[in-house]
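Observations on the three-dimensional arrangement
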Amino acid sequence: MLAGKKTTKYSGEVFLNGTKRDHLYSRVTSYVPHNEIVPAYWTVSEAVEFNHRLRVDAVDMSPECRKLLVEEILNFFGLLSVKNQLIGDERTRGISSGQKRRVTLARGFVGGSQVVFADEPTSGLSATDAELCIRSVAAASRTQGTTFVVVIHQPRMEVAALFDHLTLITSNPGRVVYNGAFADANKYFSDLGCAPPKGGNATDYFMDVITPDVPGSKSETFAKAYLERQAPVVERDVGDMIAAGGKSALEILHDVAAIRGKLFKTHKVRDTPCSVPFQTQVSTLMMRRLTLTARDKSHLRLRVMMSILQGLVIGVAFLDIGNKLPAQQVSFLFMMLQMGALANMIVMPEMIAQRMVFKFETSDAMYETSAAVLVDSVVQFALTVLGNFVTVVIMYSLSGLSWSMFGTLYFWSFMSLMVMTNYFKVVAAVAPTPSQAFQVAMPGLMLFILFNNFFVSRATVPIFMIWALYVSPMAWAIEQIITGIYPENPTLVELYDYDYSDTHTVAAFFVLLFEMVLFQIFSLVCLRYLNNIKR
């Protein structure tokens, strides 16, 4: 709620520095989620540098200078010794859980945020890792002047002693029971007849006292006492600060830019949620995507091997089909289009995994949705075209068809491939999970494959389903391939009712282009508005 990430409805207003939260709030604050998804093939320094590039608008900062700044942050969080190690995941060896949590904290801190909201940064960590994590936060806060607002459960005494301010909230319903200096908490509880036992962990005792349904709980007593003792003082202080006013987020950004301007050149402060220009967003995202793609060699090998295997299987099945009758060759041409479409289904789980990273990062206004879609489209285009080209060349080599026809065949199969690729992008943006993506994709895929001017053509389609032939990219593509390779073939005209006119060829091109663009736009809109993180 305070971080501006809560998606369910709530009442009240949030003020920062005496001014109401505005569209630049995410520029002066950052949010460190409990379970952030970080790509496994990133190194520690690359992960932190990524945030620095997108949060610090530096025009002419040298790579050496940026490296020194990033390493300084890594040193704060005890990560300098593992800066070149991969983050890792369950399949890739990487750093420890405690180190991963400190990486997420360093990413939230590196952009120069005035306030960092950390959601349970110690949950699931060992006592030692939890202490290291909070000591890093305390060191960064006290040396750089950044305020850390941390949600934490049952900290050990050494960890609790590092905090300056304490807010305790009971549950069922949620109510504040203490809001003041951490050092004054013991006396406050003692004054209400609940003195923490000497030698024990005071924070554990506090939690026992304020948690409902726990034996000896005094949650109602403390909730009432807060309203009588502390709430009036807190409300008065907040009212005085709002009345006095303070620098807005934009004014704070101007002050930060002035300080940074003494060290390196910056652009004019942007009055937008994102810190850096669109071209910087694209270049930074592209650098990351290419790096991660190149490092995931097992995935690349799998894509290449599958492309080769598909080409060989289909090629052998239609070996020397070029010496058969044209009517017998149509099934081979259809399989070329179908394999291009079906092979692209494997990208949906990958795109959904990338979508989760994207959702986390765009919720913190690190970059615009369009920048992520552009980068993803370029990389997916290159990988898809390369894989498909390998498959088609192998299939065509084994078919025995004349290479003089290859240009026509590949052009239209490429157009169909791009439409289907963008269709699967829409599915990946809509489907909540990878398993559901295949279910979501099936109705449209079945329509495109069934009404493809081969299984069902204009000569056989029921009149009320004629529209399906005009929306199926495969139907347009296979008709243009066949009419281009076999001009005015009476048998094919009789069997499939193909249209050989130039007007129909032009129409096919623009229909496929329109569908390609339309699906791309749909994927952008769906990615922006659907499957957002619920908090």
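Anything mentioned here points back to the structure above.
Along each chain, residue indices are assigned from 1 in the same order as the chain's sequence is written. pLDDT decides what is reported in this predicted model: residues at 70 or higher carry local features, side-chain atom pairs at 80 or more are listed and counted, and totals for whole chains, interfaces and linings draw on all residues regardless. As a rule here, side-chain values come from all non-hydrogen atoms in the structure, and water together with hydrogens is ignored.

1. Side note on the nonpolar core
Side-chain atoms within 4.5 Å link the members of a nonpolar core, which is a set of buried Ala, Val, Leu, Ile, Met, Phe, Trp, Tyr and Cys residues. Accessible area is worked out with a 1.4 Å probe on protein chains only. A residue is then buried under 20% of its type maximum, exposed over 50%, and partly exposed in between. If you look at the biggest cluster of nonpolar residues, it comprises 73 residues, and the most contacted ones within it are Phe77 and Phe189. The biggest single contributor to this core is helix 16 (residues 369-399), with six residues. Residue contacts are counted whenever heavy atoms from the two residues lie within 4.5 Å of one another. Other than its neighbours up to four places away in sequence, phenylalanine 77 contacts Arg102, Leu105, Ala106, Phe109, Ser136, Val137, Ala140 and Phe148. Membership of the second largest hydrophobic core comes to 60 residues, among which are Val385, Phe406, Met418 and Ile478. Secondary structure follows DSSP: runs of H or I at least 4 residues long count as helices, runs of E at least 2 residues long count as strands, and numbering of each begins at the N terminus.

2. Describing helix 11 (residues 249-261)
The end-to-end C-alpha distance of helix 11 is 18 Å, a good match for the 18 Å that 13 residues give at a rise of 1.5 Å each. Within the span of helix 11, buried status applies to Ala249, Ile252, Leu253, Val256, Ala257 and Arg260. With its buried residues spanning 140° around the axis, helix 11 presents them on a single face. Here the buried face of helix 11 lies against helix 1 (25-28) and helix 2 (44-55). One less than the residue count of a helix, multiplied by 1.5 Å, gives the span that helix is expected to have. To obtain the arc, one takes the directions from the helix axis to the C-beta atoms.

3. A closer look at the environment of glycine 108
Residue placement: glycine 108 occurs in helix 4 (residues 97-109). In sequence terms glycine 108 and asparagine 51 are 57 residues apart; their C-alpha atoms lie 7.7 Å from each other. In this view, glycine 108 contacts Ser30, Val32, Ser113 and Val116; residues no more than four positions away in its chain are not counted.

4. Some points on the environment of leucine 86
Structurally, leucine 86 can be placed in the loop between helix 3 (63-76) and helix 4. Each C-alpha atom, one on leucine 86 and one on valine 44, is 6.3 Å from the other, the two residues being 42 residues apart in sequence. Sequence-distant contacts of leucine 86, that is, excluding residues within four places in its chain, are made with Ala40, Tyr41, Trp42, Thr43, Thr92, Arg93, Gly94, Ile95 and Arg295.

5. Let's talk about the side chain of arginine 102
Mapped onto the fold, arginine 102 is located in helix 4. Filtering out sequence-adjacent residues up to four positions away, arginine 102 remains in contact with Phe77, Gly78, Leu79, Leu132, Cys133 and Ser136.

6. Let's talk about the sheet that holds strand 3 (residues 29-32)
Strands are treated as partners if at least two bridges between them are detected by DSSP. With respect to topology, three strands assemble into an open sheet ordered 3-4-5, the strand pairing being parallel. The sheet terminates laterally at strand 3 and strand 5 (147-151), the two strands that pair on one side only. On average, each strand axis in the sheet is tilted by 15° relative to the strand beside it, whichever way the strands run. The sheet contact formed by strand 3 and strand 4 (residues 115-119) spans four bridges and is parallel. Residue valine 32 lies in a different strand from strand 4, and its bridge partner there is alanine 118. Axis angles are defined between N-to-C directions and span 0 to 180 degrees, where every axis is a line fitted to C-alpha atoms and, for a helix, only to the segment in contact.

7. Here we look at the packing of aromatic side chains
Side-chain rings of Phe, Tyr and Trp (the six-membered ring for Trp) are treated as a pair once their centres are within 6.5 Å; stacked means planes under 30 degrees apart, edge-to-face means over 60, and tilted covers the remaining angles. Evaluation of the coordinates by the stated rule reveals 31 aromatic pairs. Arranged with centres 6.3 Å apart and planes meeting at 85°, the rings of phenylalanine 76 and phenylalanine 109 form a pair that is edge-to-face. In this pair, phenylalanine 76 sits in helix 3 while phenylalanine 109 sits in helix 4, placing the two residues 33 residues apart along the sequence. As far as the burial class goes, phenylalanine 76 and phenylalanine 109 line up, both buried. With a centroid separation of 6.4 Å and 35° between ring planes, the pair formed by phenylalanine 358 and tyrosine 367 is classed as tilted. The residues phenylalanine 358 and tyrosine 367 share a single accessibility class, namely buried. Joined through ring pairs, the aromatic side chains of Phe381, Phe389, Tyr396, Trp403, Phe406, Tyr410 and Phe414 make up one cluster. Definition used: whenever NZ (Lys) or CZ (Arg) falls within 6 Å of the ring centre and also within 35 degrees of the ring normal, the charge is taken to sit over that ring. Above the ring of tyrosine 188, the side-chain terminus of arginine 229 is found at 6.0 Å from the ring centroid.

8. Examining the packing of helix 15 (residues 347-363) against helix 16
In contact at an axis separation of 12 Å, helix 15 and helix 16 are set at 150° when each is read in the N-to-C sense. Here helix 15 lies roughly antiparallel to helix 16, going by the angle between them. When you trace helix 15 past helix 16, the crossing you get is right-handed. Judged by residue contacts, Val347, Glu350, Met351, Gln354 and Phe358 of helix 15 engage Thr369, Ala372, Asp376 and Gln380 from helix 16. Note on residue categories: nonpolar means Ala, Val, Leu, Ile, Met, Phe, Trp, Tyr, Cys or Pro, charged means Asp, Glu, Lys or Arg, and polar means any other residue, Gly included. A per-class count over the contact of helix 15 with helix 16 returns four nonpolar, three polar and two charged. Each angle gets one of four labels, with under 35 degrees taken as roughly parallel, over 145 as roughly antiparallel, 65 to 115 as roughly perpendicular, and the rest as oblique. Working rule for handedness: look at the near helix, and if it is turned counterclockwise from the far one by less than a right angle, call the crossing left-handed; if clockwise, right-handed.

9. A look at the environment of aspartate 184
Structurally, aspartate 184 is set in the loop between strand 7 (175-181) and helix 7 (185-191). Counting along the chain gives 182 residues from aspartate 184 to methionine 366, while the straight-line C-alpha distance between them is 38 Å.

10. Examining the pairing of strand 4
Where a strand is regular, its side chains alternate between the two sheet faces. Along strand 4, four of the five residues are buried, which leaves the element largely enclosed by surrounding structure. Note that strand 4 and strand 5 share five bridges and pair parallel. Across the sheet, aspartate 119 pairs through a bridge with valine 151, a residue of strand 5.

11. A few points about the side chain of threonine 421
The topology assignment puts threonine 421 in helix 17 (residues 406-430). Here threonine 421 is in contact with Asn344 and Thr384, once residues within four sequence places are set aside.

12. Observations concerning helix 2
Under the 1.5 Å per step criterion, the end-to-end length of helix 2 is 17 Å for twelve residues, consistent within 8% with the ideal 16 Å. Taking burial as the measure, the twelve residues of helix 2 include nine buried ones, the bulk of the element.

13. Considering unusual backbone geometry
Across the junction of asparagine 172 and proline 173, the peptide omega takes the value -5°, indicating a cis bond. The phi dihedral of aspartate 497 falls on the positive side, at around 60°, and the residue is not glycine. By the secondary structure assignment, aspartate 497 is in the loop between helix 21 (490-496) and helix 22 (502-529). Look at aspartate 497 and you get partly exposed, because its relative accessible area is 36%.

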